[in-house]
Amino acid sequence: MNDPIFHVDHLSLEYRRHRRQFAVSILKDVSFILERGGALTLVGPSGSGKSTLLRCLNRLVEPTLGTVWFEGRDIRSFDPRDLRRRVALVMQTPVLFEGTVGDNLRVRPADAPGDFSAARLEAALAEVGMEPDFLQRDSTTLSGGEKQRVTIARALLRDPQALLLDEPTSALDPPNALLVVETISRLRVARGLSIVAVTHQPELVRRLGGRLLYLVKGRVEAIESIDEPGAADTRLQAFLAGGSLPEGARRT
Ligand SMILES: Nc1ncnc2c1ncn2[C@@H]1O[C@H](COP(=O)(O)OP(=O)(O)OP(=O)(O)O)[C@@H](O)[C@H]1O
Ligand SMILES: [Mg+2]
């Protein structure tokens with residue numbers, strides 16, 4: 001196994017909605033390791049804590065107990081902006097502001113380093129399968145799948161080491177979803193990116209490969225390699241064959 005890029009070490013998270021209320025436990029003693037260049041897909045019922053766990057990996061959410069190690073360092077020792085550049089989050093609904101695709105690709109913190117020349121922007125678009133003339137396009141006129149690919153290109157321009165994907169295709173129609181799936185799986189190989197994804201789409205899970213982590217009520221029920229058929233938990237086998245997970249795991 002390669003060096004770990006993420007080591008999630010006994011993570012627990014509680015929310016106390018009001019001061020006098022009992023705390024609600026959202027994540028319960030979650031541990032896993034993701035090797036560099038590896039992929040891990042989080043699956044489980046709605047409300048089981050998948051998005052929360054994903055957001056613990058770049059400090060958009062702080063756990064109550066436990067530690068996330070990234071590249072051998074406690075993530076609390078990174079500047080949060082530097083951490084979020086290295087560990088980029090792609091959400092279900094792409095967020096672009098008004099202006100051209102080029103304007104959206106150039107956006108970054110004032111002091112952020114990097115090459116944002118037209119040639120580099122075009123190269124980033126090419127990596128997500130888009131032609132250079134998209135740079136001049138008004139971002140509000142793009143399809144959902146094009147918008148999602150622009151958000152991925154924007155993350156790539158900042159040279160991330162890892163991508164966190166939170167249902168990146170669930171707001172898209174099947175052809176656009178497939179294009180985004182192809183883009184992500186190609187990038188994983190081409191850039192050696194490490195990926196943690198939440199998805200209900202078996203096609204994306206299969207294309208990413210790696211392992212599946214099954215989360216139920218904040219607890220890890222199973223972690224299985226999907227590259228070794230036969231080893232998988234029967235519930236996960238059924239999911240990979242295109243079925244749904246128990247307990248209403250698949251949202252409609
Ligand atoms: N800031 C918060 N304060 C209180 N409770 C929260 C907060 N954020 C999330 N929760 C609760 O934590 C639980 C897990 O939420 P999370 O969004 O991680 O689930 P999920 O597995 O991603 O679900 P889905 O598949 O529906 O996206 C839910 O019960 C949610 O209501
Ligand atoms: Mg979620």
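As shown above, the structure is provided for reference.
Residues numbered from 1 in each chain as written. Chains lettered and ligands numbered in written order. Predicted model: local features only at pLDDT ≥ 70, side-chain atom pairs only at ≥ 80, totals over all residues.

Asker: Is there a simple way to think about the overall build of the protein in this case?
Answerer: Each helix and strand counted, the protein has eight helices and 10 strands in total. At 18 Å, the protein has a C-alpha radius of gyration in line with the 18 Å of a compact globule built from 252 residues. Projected onto the principal axes, the alpha-carbon positions of the protein cover approximately 50 × 40 × 40 Å. Among the 252 residues that make up the protein, the fraction classed as buried is 38%. The contacts in the protein between residues at least 6 apart in sequence include a share of 68% that link residues at least 24 apart. (Helix = DSSP H or I, 4+ residues; strand = E, 2+ residues; numbered from the N terminus. Rg over C-alpha atoms; globule rule 2.2 N^0.38 Å. Buried ≥ 20, exposed ≤ 12 C-beta atoms within 10 Å, placed from the backbone. Contact = placed C-beta atoms within 7 Å.)

Asker: Explanation requested: the sheet that holds strand β10 (residues 219–225) in the structure shown.
Answerer: Paired through their backbone hydrogen bonds, the strands of a sheet run either parallel or antiparallel. The sheet built from six strands is open, its strands ordered β6-β7-β8-β3-β9-β10 with mixed pairing. Only two strands of the sheet have a single neighbouring strand rather than two, namely β6 (87–90) and β10. Along the sheet, successive strands turn relative to each other by an average axial angle of 15°, direction set aside. Examined bridge by bridge, β6 and strand β7 (residues 162–166) share four bridges and lie parallel to one another. (Pairing = 2+ DSSP bridges. Axes fitted to C-alpha atoms, helices over the stretch in contact; angles between N-to-C directions.)

Asker: Is there a simple way to explain the site of ligand 1 in this structure?
Answerer: Residues in close proximity to ligand 1 include Tyr15, Arg17, Ile26, Gly44, Ser46, Gly47, Ser48, Gly49, Lys50, Ser51 and Thr52, which together make up its full environment. Among the elements that take part in the shell around ligand 1, helix α1 (residues 50–56) stands out by supplying three residues, more than any other. Looking at side-chain class alone, the shell around ligand 1 contains two nonpolar, seven polar and two charged residues. (Near = placed C-beta within 6 Å. Nonpolar A, V, L, I, M, F, W, Y, C, P; charged D, E, K, R; others polar.)

Asker: Would you take a moment to explain helix α5 (residues 144–156) for this structure?
Answerer: In an α-helix there are 3.6 residues to a turn, and that puts residues three or four apart on one side. The terminal C-alpha atoms of α5, which comprises 13 residues, lie 19 Å apart, in line with the 18 Å expected from a rise of 1.5 Å per residue. The buried fraction of α5 is high, at 12 of 13 residues. Every buried residue of α5 is accounted for by Gly145, Glu146, Lys147, Gln148, Arg149, Val150, Thr151, Ile152, Ala153, Arg154, Ala155 and Leu156. Those residues of α5 that are buried are in contact with β6, α3 (101–106), α4 (118–127), β7 and α6 (174–191). (Expected span 1.5 Å × (residues − 1).)

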